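Fold and contact review
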Amino acid sequence: MRVPKLTRPALSPVLLSALVTLYLFAGLNNTFWSRGVAVFDGHSGKLVLLAVTLLLAHIAGLLVFSNKYVFKPVLIFFILVAAISAYFVDGFGVVIDHEMIRNTVTTTVNEASDLMTPAFWLHLLVFAVLPIAFVAFVTVKRGPVLKQVLFNAAFVAITLVVGGTIMLSNFSAYSSIFRERQDFMAVINPAAPVAGAVKYVRRAMRETNIVAQPLGTDARQGTVLKAATKPLFVVLVIGETARAQNFGLNGYERNTTPQLAKRDVINFSDTSSCGTATAVSLPCMFSHYARDSFSNEKGKASENLLDIVQRAGFQVAWWENNTGNKGIAKRVPNQKLSNGTNPEFCRDGECDDGIFTETLKPFIGEAKDNTLLVMHQIGSHGPAYYKRYPQAMEVFAPACRTAQFADCTQEEIVAAYDNTILYTDKNVADIIDLAKSKSDTLATAVIFMSDHGESLGESGLYLHGAPYFIAPEEQTKVPFVAWFSEEFKNQMNLNTDCVSARKDSPVSQDNLFHSMLGLLNIETEVRQPALDLFGTCMAQNPASLAMTTDR
């Protein structure tokens, strides 16, 4: 019996472009349309006209690629990008801009795999593979080359006229919305992620050959440090995704910081981050630039805090248990701990942050020089919160034990996240205890500051990485804690009452660079005393000390 041959439908470039565009807009732009309905509340006609304009513009844009050799690959590319973006935009409320793409590019395989859940692959099968199969199956019906080019050109021209007329006739309404509600156009799919990718590539190309210029070449040890009888040993712990709202010391309903509460720490309760993702916040924290003037390009073009501290004669080291140091520690010794094999702390190809204390024991025991040690935690990185702490630390239950949030209740997601904060509390407290135990030979201090926060379902948002101008406080408010041994306070003439006087005032990651230089008593013109929370509270500067204490 002869099997009948399956007939492949033949579509013109315009019709195929229109079908793909309609699919993208109708099937993969839920967030965009839901925000549009809210933005144009009471003015639905203007939303319809905007939709017509965008549809025509996208059809015309696809027609530009209607050459027989690139047309289908371009359509397939846009479908794939839109399907992936829709999963994260609609499911987690994220915005895929150039900074989110930068954060994605610099993540680890383990962290990326946490996002590749069964729900993700099912979504991709339904919303990407099947439509792509349709595009691959149909044939594209083309006329003579010149006739096709003229037709496409005419269609694009008509589209521009119609779209331009609609926009100009409603210019005042649309211009104000585009200006005031940037969050609306930031989620149009796939235009926004493609534009973000282009922007990221352009910036990455500009940054390729950047050479860091010297900073703080005048750095020298201050008089207090020169008179010290014991070496300083300061640990700067950089937290990951810990948000201030769930930090027990800040008044959270759950006691997520019972260990730090027992130590004599100073808790800065109102601290803002420089960014909402590690790739932005981390370089900014160690830069002399403030958040409003920082850019990744500027950060790479200049040395940072670690270079200055090392130039002043300190031993500087960076220990990594996250996605990398983002170039901050290029010129200082650094050690990767995330690939360890200690079964007590390491599972499934990654280690939890308990590995830091274990590694610190022999290191601090051998310390004989002034030292700044930076520890970059994996902390509370999601969505697989349950992987960030050992089972014994699952105090808050029931906790979400999967990276697939749809399988958990809101309470279970928050419980898992709170357990990560509880484990961070234990790890930082253990570091403090170990530092305190070396008081006979060292003057020790421990500083903890998270890089950014996390959304846990508030307003439908999850994870982090939202553009700063629309980011909620859950992503921009972070924990910041300082502990000083009695030897450190006495030797450095540090008035902790003076430091505590600012603990409830607004501070930010802009303070870190200058405060660390002050804490280590490193004198340099690049240190700004107005942003220094520690150095201005040392007795070597009575005027500044009195001024700060009176605040």
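The preceding data block contains the structure.
Quantities reported herein were computed from a predicted structural model and do not represent experimental measurements.

This paragraph deals with the nonpolar core. Residues Leu360, Met375 and Val446 are the most contacted members of the largest nonpolar core, which totals 101 residues. Broken down by element, the residue count for this core peaks at 14 residues, all from helix H18 (residues 410–436). Not counting residues up to four positions away in its chain, the partners in contact with Val446 are Val235, Val237, Val428, Ile431, Ile432, Ala435, Val481, Ala482 and Trp483. Counting 50 residues, the second-largest nonpolar core is a separate cluster that includes Phe314, Ala482, Leu494 and Leu517.

Within a sheet, adjacent strands bond to each other through the backbone by hydrogen bonds, running parallel or antiparallel. In space, the 3 strands of this open sheet follow the order E15-E6-E17, with mixed pairing throughout. Bordering the open sheet on either side are strand E15 (477–478) and strand E17 (507–508), each of which pairs with just one other strand.

The subject of this paragraph is the pairing of strand E4 (residues 232–239). Of all the 8 residues making up E4, 8 are buried; the element is thus mostly covered by neighbouring parts of the structure. By the bridge criterion, 8 bridges tie E4 to strand E12 (residues 443–450) in an arrangement that is parallel. Bridging across to E12, Ile238 finds its partner in Met449. Where E4 meets strand E11 (residues 371–376), 6 bridges bridge the pair, whose relative direction is parallel.

This part covers the packing of helix H1 (residues 13–27) against helix H4 (residues 71–92). Across the interface, H1 lies against H4 with an axial gap of 11 Å and an inter-helix angle of 5°. In terms of axis orientation, H1 runs roughly parallel to H4. Touching Pro13, Leu16, Ser17, Val20, Tyr23 and Leu24 of H1 are Phe71, Leu75, Phe78, Ile79 and Ala82, all from H4. Of the residues belonging to the contact of H1 with H4, the class tally is 10 nonpolar, 1 polar and no charged.

Before going further, it helps to examine helix H7 (residues 118–137). Along its 20 residues, H7 runs 27 Å from first to last C-alpha, staying within 8% of the 28 Å computed at 1.5 Å per residue. The largest bend along H7 measures about 35° and falls at Leu125. Residues of H7 that are buried include every one of Phe120, His123, Leu124, Ala128, Pro131, Ile132 and Val135, and no others. The secondary structure elements touched by the buried residues of H7 are H1, H4 and helix H6 (109–115).

Here we take up the packing of aromatic side chains. Throughout the structure, instances matching the rule amount to 24 aromatic pairs. With 5.2 Å between their ring centres and 80° between their planes, Tyr87 and Phe120 make a pair best called edge-to-face. Of this pair, Tyr87 sits in helix H4 while Phe120 sits in helix H7, and the two are 33 residues apart along the sequence. In this structure Tyr87 comes out as buried when scored by relative accessible area, which is 13%. Here the aromatic rings of Phe268 and Phe534 are separated by 6.4 Å at their centres, their planes lie at 65°, and the arrangement is edge-to-face. Placement of Phe268 in the loop between strand E5 (265–267) and strand E6 (271–272) and of Phe534 in the loop between strand E18 (522–523) and helix H23 (542–549) is noted, with a sequence separation of 266 residues between them. Note on Phe268: relative accessible area 0%, which makes it buried.

Our next topic: empty space enclosed by the protein. Taken as a whole and judged by the stated rule, the model has 2 cavities of 30 Å³ or more. In terms of lining residues, the largest cavity is bounded by Ser85, Val89, Val95, Ile96, Ala186, Val187, Ile188, Asn189, Ala192 and Pro193. For the lining of the largest cavity, the secondary structure elements donating two or more residues are H4 and helix H11 (191–207). Of the residues contributing to the lining of the largest cavity, the split by class is 8 nonpolar, 2 polar and no charged.

This brings us to the environment of Val499. Checked against the element boundaries, Val499 lands in helix H21 (residues 496–500). C-alpha of Val499 to C-alpha of Phe268: the two residues are 231 residues apart in sequence and 9.7 Å apart in space. With near-sequence residues (within four places) excluded, Val499 lies in contact with Ile266, Phe268, Leu494, Leu533, Phe534 and Cys537.

Next up on the list: the state of the cysteines. Working definition of a disulfide: a covalent bond connecting the sulfur atoms of two cysteines. Taken as a whole, this structure holds 4 disulfides when the rule is applied. Linked covalently through their sulfurs, Cys274 and Cys284 form a disulfide whose S-S length is 1.9 Å. Here Cys274 and Cys284 share a disulfide; its torsion about the S-S bond, 70°, makes the bridge right-handed. With Cys274 in the loop between E6 and helix H14 (278–285) and Cys284 in helix H14, this residue pair connects regions lying 10 residues apart in the sequence. Since its relative accessible area comes to 5%, Cys274 is described here as buried. Shown here is the disulfide that connects Cys400 with Cys408, its sulfur atoms set 2.1 Å apart. An S-S torsion of about 70° defines the bridge between Cys400 and Cys408 as right-handed. Assessed through its relative accessible area of 15%, Cys408 is described here as buried. Among the cysteines of the protein chain that take part in disulfides, numbered as they appear in the sequence, the pairing is 1-2, 3-4, 5-6, 7-8.

This part takes up the sheet that holds strand E7 (residues 315–320). Here we have 7 strands laid out as an open sheet, ordered E5-E16-E12-E4-E11-E7-E8, and mixed in their pairing. Each having just a single partner strand, E5 and strand E8 (334–336) make up the two edges of the open sheet. Averaged over all pairs of adjacent strands, the angle between their axes in this sheet comes to 15°, without regard to strand direction. In terms of strand pairing, E12 meets strand E16 (residues 480–484) through 5 bridges, oriented antiparallel.

Further remarks concern a nonpolar patch on the surface. A contiguous nonpolar patch, built from Leu122, Leu125, Val126, Val129 and Leu130 and spanning about 440 Å² of accessible area, is present on the exposed surface. For Leu130, the location among the structural elements is in helix H7.

Conventions we followed
- Residues numbered from 1 in each chain as written.
- Predicted model: local features only at pLDDT ≥ 70, side-chain atom pairs only at ≥ 80, totals over all residues.
- Heavy atoms only, no water.
- Core = buried A, V, L, I, M, F, W, Y, C linked by side-chain atoms within 4.5 Å.
- Buried < 20%, exposed > 50% of the residue type's maximum accessible area, 1.4 Å probe, protein only.
- Helix = DSSP H or I, 4+ residues; strand = E, 2+ residues; numbered from the N terminus.
- Contact = heavy atoms within 4.5 Å.
- Pairing = 2+ DSSP bridges.
- Axes fitted to C-alpha atoms, helices over the stretch in contact; angles between N-to-C directions.
- Parallel < 35°, antiparallel > 145°, perpendicular 65-115°, else oblique.
- Nonpolar A, V, L, I, M, F, W, Y, C, P; charged D, E, K, R; others polar.
- Expected span 1.5 Å × (residues − 1).
- Bend = angle between axes of the 7 residues up to and from the residue.
- Phe/Tyr/Trp six-rings, centres within 6.5 Å; stacked < 30°, edge-to-face > 60°.
- 1 Å grid on protein atoms, 1.4 Å probe; cavity = no way out; pocket = protein on both sides within 12 Å on 5 of 7 lines; lining within 4 Å.
- Points joined across faces, edges and corners; volume = space filled by probe spheres on them.
- Disulfide = S-S within 2.5 Å.
- Patch = residues over 30% accessible without salt bridge, like charges linked within 9 Å, V, L, I, M, F, W, Y side chains within 5 Å.
- Areas by Shrake-Rupley, 256 points an atom, 1.4 Å probe, with all protein chains shown as cover.
- Salt bridge = Lys/Arg side-chain N within 4 Å of Asp/Glu carboxyl O.

That's the geometry; what it means functionally is another story.
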